[in-house]
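Chains, contacts and geometry: an overview
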Amino acid sequence: MNFDLPSELIAHLNHLDSFIESTILPLQHANDNNRFFDHRREYARTDWARGGLPMKEWEDLLNQARILADQAGFYRFALPQVYGGQEHPDTNLWMSAIRYHLASHPVYGGGLGLANDLQNEHSVVGNFPDVLMIQHFGSEEQRRTLIPQRLRGEFRATFGLTEPDHGSDATFLATVATRVGDGFEITGRKKWQTGAHHCTHLIIFARTSGTPGAAKGITAFLVPRETPGVRVSSYEWTFNMPTDHATVELDQVRVPASAVLGPVDQGLAIAQTFVHENRIRQAASSCGAAKYCLDRSIERARSRKIWGEGKTLADNQAVQFPVVELMTQVEMLRLLILKTSWDMDRIVAASREAGDGVPPWVQIERKLSDKVAMCNFWANRLSCQAADRAIQIHGGDGYSRHYPFEHIYRHFRRYRITEGAEEIQMRKVAAYLFAFKGPEKAKRAQQGRL
């Protein structure tokens, strides 16, 4: 059993580093663009006069970096070949390794840099859940028009599942859509609609039939932003500014039947389709950010002279032991993330070979959902713990904005809530461990022990 990264993947990471060093870092350091990344970052990024929305110059810079990455062949790596991607047989393994590498890198790591600034989910190696949703569930017309527009930056959609009174309990959503003529009329409210300030469409999930709590009866709609009855009522100020997280109201919004994404009444499956890919990639980024914080802490402890005795912070076990514990967790978690990603790729390959019509994401949910949840909830918690330890070791400097740790803490803290709250993910793991669902339940059922 070989735990080393494949030589082909290592070569790709080296090629990616060369591109970042030759193209992206010079752009970051040009024309005072570093104001978006140094101690001025929160204020440079935030347009306080527009209610805390992202500054246009900030988003323009991110877009410029994406264009350069696309031209260099890195940005669309995870996409199918038909959309300019590489469609690598080990896409999940490679994406996890890439995300860990970018977040842990000593120069542009921590999720804070033009190559990989995770506050905006920005990276020179893109993640495209919306493209894959439309590819797998969209109509022929939606695929033909919207995916090319998305890749050109002309189609931008929010993800409208969460509501003011419903988050993890998504099957109880209060937004409803009723049939009117040849289309639908949608009424309700959605919260945390990321990117609403510049979106062209909103992907809105609404109940079209069934009873509250039922998974069946929820439908996904592609609603153009300028449709009458759509109104952004507020942008929620958050722990890490700027904000692009809107509360959106839909008041008798009329859409044609062509606005439906996927089968009517089966929309919840769309929301759940790519959750595992997103969670494992987020886990890799969080684990990488934790490694970045700990590496910087070790450097600081070794160089910081104390008490005039020629000793350093690193000579004290009170400094050593917390770092040892956290770094041990990083190393164990990194291996679990890579193994789980590799297992996901094996399931995808087996699904394609079987050709039985069962989508690979269904098989991943059945066989690996607990491992993905383990990786995600622990990595997100670990990145916060590592950032907090880095602040402590750096003392007053760590508490200041002249170092990146407070920013890393504030950003990665959100992932203990988004992409599935850690309590929900722990519940998923428990269900598999105690045979309420998953492979162990099926095994026990065959043995007649349930």
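Computed from a predicted structure; not experimentally measured.

**Quick word on the overall build of the chain**
The secondary structure content of the chain amounts to 13 helices and 12 strands. Relative to the 2.2 N^0.38 estimate, which gives 22 Å for 450 residues, the radius of gyration of the chain is 23 Å and therefore close to what a compact globule would have. In terms of overall dimensions, the chain has a C-alpha envelope of 80 × 65 × 40 Å along the principal axes. Looking at the chain as a whole, 52% of its 450 residues qualify as buried. A sequence separation of at least 24 residues applies to 69% of the contacts in the chain between residues at least 6 apart. Per element, the accessible surface of the chain, about 20,900 Å² overall, is 53% carbon and sulfur. Here the chain holds 53 positive side-chain charges and 51 negative ones, and the gap between their average locations is 3 Å.

**Side note on unusual backbone geometry**
The amide bond that connects M241 to the next residue, P242, takes the cis arrangement and shows omega of 15°. On the secondary structure map, P242 appears in the loop between β8 (230–235) and β9 (245–256). Phi is positive for N31, close to 55°, though the residue is something other than glycine. As for its position among the elements, N31 is in the loop between α1 (7–28) and α2 (41–45).

**Describing the packing of α1 against helix α3 (residues 56–71)**
Two numbers describe how α1 lies on α3: the axes approach to 10 Å, and their chain directions differ by 160°. What the angle tells us is that α1 and α3 run roughly antiparallel. Considering how the two elements wind past one another, α1 and α3 form a crossing that is right-handed. Contact residues: F19, T23, I24 and L27 in α1; L61, Q64, A65, L68 and A69 in α3. Considering only residue class, the contact of α1 with α3 consists of seven nonpolar, two polar and no charged.

**Describing the UniProt feature "domain: Acyl-CoA oxidase/dehydrogenase middle" (unreviewed entry) in the chain**
The UniProt record marks residues 159–252 with the feature "domain: Acyl-CoA oxidase/dehydrogenase middle" (unreviewed entry), using the residue numbering of this structure. Secondary structure content for residues 159–252 is 0% helix and 50% strand, while the C-alpha to C-alpha distance between its ends is 19 Å.

**A look at the nonpolar core**
Counting 58 residues, the largest nonpolar core has L16, F19, I20, I24, L114, V124 and F205 as the members making the most contacts within it. Those elements giving two or more residues to this core turn out to be α1, α3, α4 (91–104), α5 (129–137), α6 (140–151), β6 (201–207), β7 (218–224) and α7 (268–273). Ignoring anything within four residues of it in the chain, the contact list for F19 reads I24, L68, A69, A72, F74 and V124.

**Regarding the UniProt feature "domain: Acyl-CoA dehydrogenase/oxidase C-terminal" (unreviewed entry) in the chain**
The feature "domain: Acyl-CoA dehydrogenase/oxidase C-terminal" (unreviewed entry), as given by UniProt, occupies residues 265–431 in the numbering adopted here. As a span, residues 265–431 carries 78% helix and 2% strand, and end to end its C-alpha atoms are 26 Å apart.

**Brief notes about the pairing of β7**
Of all seven residues that make up β7, six are buried, and the element is covered over most of its length. Two strands pair when backbone bridges link them, and β6 and β7 are joined in this way by seven bridges, in the antiparallel orientation. For I204, the partnering residue across the bridge sits in β7 and is F221. Two elements, β7 and strand β10 (residues 260–261), share two bridges in a ladder whose sense is antiparallel. The residue of β10 that forms the bridge with F221 is V260.

**Considering the packing of aromatic side chains**
Within this structure, the stated rule accounts for 15 aromatic pairs. With a centroid separation of 5.1 Å and 65° between ring planes, the pair formed by F184 and F221 is classed as edge-to-face. With F184 in strand β5 (residues 183–194) and F221 in strand β7, this pair connects stretches of sequence that are 37 residues apart. Since its relative accessible area comes to 2%, F184 is described here as buried. When the ring centre of Y292 is taken as origin, the NZ or CZ atom of R296, which lies over that ring, is 4.8 Å away.

**Side note on the domain arrangement of the chain**
The domain boundaries assigned to the chain delineate domain 1 (7–126 + 270–419) and domain 2 (157–261). The straight-line distance from the C-alpha centre of domain 1 to that of domain 2 is 29 Å. Each side of the interface is counted separately: domain 1 has 18 residues, and domain 2 has 16 residues. Across the domain 1/domain 2 interface, buried area totals approximately 1,500 Å², and carbon plus sulfur atoms make up 63% of it. Three residues stand out in domain 1 for area buried against domain 2, namely L53, I270 and R410, and they jointly supply 31% of the buried area on that side. Linking domain 1 to domain 2 there are zero salt bridges. Contributions of two or more residues to the side of domain 1 that touches domain 2 are made by α2, β2 (53–54), α7 and α11 (405–412).

**Here we look at α4**
Relative to the 20 Å expected for 14 residues at 1.5 Å per residue, α4 spans 20 Å between its end C-alpha atoms, a close match to the ideal helical length. Counted residue by residue, α4 has 14 buried out of 14 residues, so it is predominantly covered.

**What to know about the layout of surface pockets**
Within this model, the second largest pocket holds a volume of roughly 450 Å³. Of all the elements in the fold, those that place two or more residues in the lining of the second largest pocket are α4, α5, α8 (275–303), α9 (317–354) and α10 (360–399).

**Examining the environment of C293**
Mapped onto the elements, C293 comes out in helix α8. The sequence separation of C293 and Q252 amounts to 41 residues, and the corresponding C-alpha distance is 49 Å. Dropping the residues within four chain positions of it, C293 is found in contact with A386, A387, A390, F405 and I408.

**Some thoughts on the packing of α8 against α10**
Any two packed helices are characterised by how steeply their axes cross, that is the angle between the axes, and by the distance between the axes. Interhelical geometry of α8 versus α10 gives an angle of 25° and a closest axis separation of 7 Å. When the axes of α8 and α10 are compared, the pair comes out roughly parallel. Between α8 and α10 lies a crossing whose hand is left-handed. A class-by-class count of the residues in the contact of α8 with α10 yields 17 nonpolar, nine polar and seven charged.

What counts, and at which threshold
Along each chain, residues carry numbers from 1 onward, in the same order as the chain's sequence is written. For this predicted model, a pLDDT threshold of at least 70 governs which residues receive local features, and a threshold of 80 or more governs which side-chain atom pairs are given and counted, while totals over whole chains, interfaces and linings are taken from all residues. Water and hydrogen atoms play no part in the side-chain values, which are based on all heavy atoms of the structure. Numbered from the N terminus, helices here are DSSP runs of H or I no shorter than four residues, and strands are runs of E no shorter than two. Computation of the radius of gyration draws on C-alpha atoms alone. For the globule rule, the value is 2.2 Å times the number of residues to the power 0.38. Exposed residues in this analysis have more than 50% of their type's maximum accessible area, buried residues have under 20%, and partly exposed residues fall in between, with area computed by a 1.4 Å probe over protein chains only. Note on contacts: a residue pair is in contact if any heavy atoms of the two residues lie within 4.5 Å. All accessible areas in this document rest on Shrake-Rupley with a 1.4 Å probe, and a residue is counted as covered only by the protein chains that are shown. In this tally, Lys and Arg are treated as positive and Asp and Glu as negative; His is ignored, and so are the chain termini. Throughout, a charge is located at the NZ atom of Lys, the CZ atom of Arg, the CG atom of Asp or the CD atom of Glu. Note on geometry: axes are C-alpha line fits, over the in-contact stretch for helices, and angles between N-to-C directions span 0 to 180 degrees. Here the word oblique covers every angle except those under 35 degrees (roughly parallel), over 145 (roughly antiparallel) and from 65 to 115 (roughly perpendicular). Handedness of a crossing is defined here by the sense of rotation of the near helix relative to the far one, left-handed for an anticlockwise turn of less than a right angle and right-handed for a clockwise turn. Only Asp, Glu, Lys and Arg are considered charged, only Ala, Val, Leu, Ile, Met, Phe, Trp, Tyr, Cys and Pro nonpolar, and every remaining residue, Gly among them, polar. UniProt positions are given in the numbering used here, feature names are shortened, and annotations may be inferred rather than shown by experiment. The definition of a nonpolar core used throughout is a set of buried Ala, Val, Leu, Ile, Met, Phe, Trp, Tyr and Cys residues joined through side-chain atoms within 4.5 Å. Two strands are said to pair when DSSP picks up at least two bridges between them. Paired rings are identified among Phe, Tyr and Trp, the last through its six-membered ring, by centres lying within 6.5 Å, and are further divided according to the angle between planes into stacked (under 30 degrees), edge-to-face (over 60) and tilted (the rest). In our convention, an over-ring charge means Lys NZ or Arg CZ found within 6 Å of a ring centre and within 35 degrees of that ring's normal. As annotated, the domain borders come from an automatic or database domain assignment. Values labelled buried area give the accessible surface lost by two parts on being combined, using a 1.4 Å probe and summing over both. Whenever a carboxyl oxygen of Asp or Glu lies within 4 Å of a side-chain nitrogen of Lys or Arg, that contact is scored as a salt bridge. For a helix, the expected span equals 1.5 Å multiplied by the residue count minus one. For cavity detection a 1 Å grid was placed over the protein atoms alone, and a set of points counts as a cavity when a 1.4 Å probe fits there but cannot get out; an open set counts as a pocket when protein lies on both sides within 12 Å along at least five of seven lines, with lining residues being those that have an atom within 4 Å of a point. Grid points are joined across faces, edges and corners, and a volume is the space filled by probe spheres set on the points.

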